Amino acid sequence: MRKAARIAMVLFLGGGLWLAFKPGAVGNPRLSFLPYYVNEFVDHMDFWFNLLAFTALAFTAWLAFGPQHGTFEKAINRALWVLGIITVMNIMVEVVQSSIPGRRVDQADVWAGMLGCVLGIFGGCLVQRMMNRRAQDGPPARVLFVDQTGRLGGAELMLLDIAAARAADSEVVLFQDGEFRTALEERGVKTRVLPLGEEAAVVDKQAGMLHALRAMPALCGLILRLAHAARGFDVVYANTAKALIIGGPAAWLARRALVFHLHDIVSAGHFSAMNRRALIFCSNYFASAVIANSEATQEAFIASGGRAELCSVVPNGFHITDEVPATAETTRVRESFGIPAGAWTVLMAGRLTPWKGQKVLLEALKAVPQAHVVLLGDALFTAEDHAYAAALRAQAAEPSLAGRVHFAGFRTDTRTFFELADVVVHASIHPEPFGRVIVEGMLAGRAVIATKAGGAAEIIDHEQTGLHVAPDDANDLAQALLRLQKDPALALELAQNACRTARATYGLDAVQAKIEAVISKSAFPDIKATPAPAAAAA
Ligand code: UDP
Ligand code: GLC
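A few words on the overall build of the protein. Each helix and strand counted, the protein has 22 helices and 13 strands in total. Taking 2.2 N^0.38 as the reference for a compact globule, 538 residues should give roughly 24 Å; the C-alpha atoms of the protein span a radius of gyration of 32 Å, well beyond that estimate. Principal-axis analysis of the C-alpha atoms gives the protein an extent of 115 × 50 × 40 Å. By residue count, 50% of the 538 residues in the protein fall in the buried class. Across the protein, the fraction of contacts at a sequence separation of at least 24, relative to all contacts at a separation of at least 6, is 70%. For the protein, the accessible area works out to roughly 25,300 Å², and carbon and sulfur atoms hold 62% of it. Of the charged side chains in the protein, 49 are positive and 50 negative, and the gap between their average positions amounts to 5 Å.

A few words on the nonpolar core. Residues L226, I246, L258, L279 and V290 are the most contacted members of the largest nonpolar core, which totals 39 residues. Mapped by element, the contributors of at least two residues to this core are β1 (143-147), α9 (209-230), β4 (235-238), α10 (241-254), β5 (257-262), α11 (273-286) and β6 (289-292). Top element by residues in this core is α9. It accounts for 8 residues. Setting aside residues no more than four positions away along its own chain, L258 makes contact with V236, A238, L244, G247, G248, A251, F286, A287, S288 and A289. W344, M348, V368 and V423 belong to the second largest nonpolar core, which has 37 residues in total.

For the rest of this paragraph, the subject is the side chain of H468. Residue placement: H468 occurs in strand β13 (residues 467-469). A polar atom in the side chain of H468 sits 3.3 Å from the backbone oxygen of I460. Aside from chain neighbours lying at most four places away, what touches H468 is A450, T451, K452, A456, A457, I460 and H462.

Attention now goes to the site of ligand 2. In the region of ligand 2, the neighbouring residues are G154, A155, H263, N293, N316, R351, W355, E432, P433, F434, G435 and R436. Here an oxygen atom of ligand 2 sits 2.9 Å away from a polar atom, N or O, in the side chain of N293. Here E432 contributes a side-chain N or O atom positioned 2.4 Å from an oxygen atom of ligand 2. Within the complex, 94% of the 310 Å² of free accessible area of ligand 2 lies under protein. Its residues placed into classes, the shell around ligand 2 shows 4 nonpolar, 5 polar and 3 charged.

Judged by pairing direction, the sheet is parallel, and its 6 strands sit side by side in the order β10-β9-β8-β11-β12-β13 without closing on themselves. Edge positions in the sheet fall to β10 (405-409) and β13, since each has one partner strand and no second. Going from strand to strand, the sheet's axes swing by 25° on average, the running direction of each strand aside. Pairing analysis gives 3 bridges linking strand β12 (residues 447-451) to β13, with the strands arranged parallel. Following the sheet pairing, T451 is matched in β13 by V469. Relative to strand β9 (residues 372-376), helix α14 (residues 358-365) is tilted by about 170°, and along the sheet it contacts β8 (345-349), β9, β10 and β11 (423-425).

Attention now goes to the side chain of Q358. Turning to its location among the elements, Q358 is positioned in helix α14. The exposure class of Q358 is buried, given its relative accessible area of 1%. Once residues within four sequence positions are removed from consideration, Q358 is found in contact with M348, G350, R351, L352, T353, L375, Y388 and L392.

Conventions adopted
- Position numbers for residues count from 1 along each chain, tracking the sequence in the order it is written.
- A letter from A marks each chain and a number from 1 marks each ligand, given out in the order of writing.
- Note on the predicted model: pLDDT of at least 70 is required for a residue's local features to be given, and 80 or more for side-chain atom pairs to be given and counted; whole-chain, interface and lining totals, by contrast, use all residues.
- The side-chain figures draw on all heavy atoms in the structure; neither hydrogens nor water molecules are used.
- The secondary structure listing takes helices from DSSP runs of H or I that are at least 4 residues long and strands from runs of E that are at least 2 residues long, numbered from the N terminus.
- Just to be clear, the radius of gyration here is over C-alpha atoms, and the globule rule we use is 2.2 Å times residues to the power 0.38.
- Burial classes: relative accessible area under 20% of the type maximum marks a residue as buried, over 50% as exposed, and values in between as partly exposed (1.4 Å probe, protein chains only).
- By definition, residues are in contact when any of their heavy atoms lie within 4.5 Å.
- Under the convention used here, a 1.4 Å probe and the Shrake-Rupley method define accessible areas, while residue burial counts only the protein chains that appear.
- None of His or the chain ends enter the tally, which takes Lys and Arg as positive and Asp and Glu as negative.
- Taken as the charge location is NZ of Lys, CZ of Arg, CG of Asp or CD of Glu.
- Here, nonpolar core means buried Ala, Val, Leu, Ile, Met, Phe, Trp, Tyr and Cys residues that are tied together by side-chain atoms lying within 4.5 Å of each other.
- Whenever two N or O atoms come within 3.5 Å, that pair is a polar contact, provided that in protein one can donate a hydrogen and the other can accept it, and provided that, for residues adjacent in sequence, both atoms are side-chain atoms.
- Put simply, a residue is near a molecule or strand once any heavy atom of it comes within 4 Å of that molecule or strand.
- In this count, Pro and Cys sit with the nonpolar residues alongside Ala, Val, Leu, Ile, Met, Phe, Trp and Tyr, while Asp, Glu, Lys and Arg are called charged and the others, Gly among them, polar.
- For two strands to pair, DSSP has to find at least two bridges joining them.
- For every element, the axis is a line fit to its C-alpha atoms; helices are fit only across the contacting stretch, and the angle between N-to-C directions ranges from 0 to 180 degrees.

Function cannot be inferred from these measures alone, as they are strictly geometric.
Structural data, given as structure tokens:
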């Protein structure tokens, strides 16, 4: 609307100035081909003609530059500016007119201009208000979520909740089939798979130029198909880096707003240089908003060249519940892994991949007598992850660890695993962008040890709601484990504080509302409030 108003304003201004400076002849009829009494009438109408012209000018100026929402004082302030600037221009025009042959200064024109301005601003306010009302009462934004994987990582679990809460107005496109699609459909979210093709699917976060060039034809095809799909929506919401690189140009082609939910720290530890450049370029050029999952993620994005004004931080949200899995179920699961009754148990939940640091935990375990470790999660994405999982099994078979490390694989009943643990460990050796497992441990009322970097460092308050250890430092981790093993009272106190904090900070509803606000602002940049999506409001 602002753009249209600006164009109309320039046209009015141009037309008005042309008419004002056009030489005329005093005394001559304006419309010489018409009878005298008609010209006399037109002259009498001069005041009204001016009034109308200035009303139109101020009306368009208001829609182009007046505040769309904000305080009453802000509106008055802006109205005085519009009135002032137009009146000064009007007076200057009158003065200049005095030197144009056949034109003369007319005070009535100045008064007509001022009155017209007031009417125009008033009309602009009314129209703006009406449009805001209609948009607020109108349907919520239709969102096409895009994610590259069919597996269930943390970014996908967050998207699962976001999309399920607004299922009636959303659809998800995945570049790969898998349990994520099943989970979305079980929650009532319409989902379609647009496969990426072999060449493009192997381009991972560390890929170089050659891989990317080979993948180009497949990527272009997918961009076109996605652009076609995007036309039925107001916003394209890219949830992963590959989804951004394909979804960005697709949204641009379809002329739709793009929101990018950034779940990764843009750094050399997580991305190749080429992928970092592509991600930043696509964010800066295509996105109207970037949601970072932590301050650390936001900082890395900006430090890599991302536009700061696009970015806002919204942490992951979680269902807060008082339901606890039955003790019998927890005992059954413990027994199924052969964990002796009463054995001090450490849980590490997370996909098996080198940077998550399971290796460091197993190393630390050697110094913690009688403790058992449950590794919940599987190798999800790359061949490197599978090789790492095999190496972990070999490490767990070493004599000092044999029988004390239990591989649970990927499970959906994660809460039971948090319940059976005495302590939860997060051990990422690179800065963790957010770290859902840390919050899940806190919500389950467990003492959490986490590495002090990235989002993990923001979630835990050292010695208050958990313990920090240095990344990739098995000795430091072993010391923290021993401390909690020997001091159950400390573990309990940290756990209770953590649970209270997590419940207050990471509720899904508040997080969903923040995400809705970003979506709404991108979809309807002219309005203030967020129309509640049908499912979320339910
Ligand atoms: N998770 C799961 N089943 C498993 C292991 C992990 O559902 O077997 C979940 C875990 O509860 C958490 C998510 O996977 O919600 C992992 O998210 P996080 O942010 O910790 O790490 P990511 O893998 O996304 O980097
Ligand atoms: C990514 C990050 C993880 C984060 C999750 C959800 O998978 O690696 O740290 O918790 O997204 O935002």
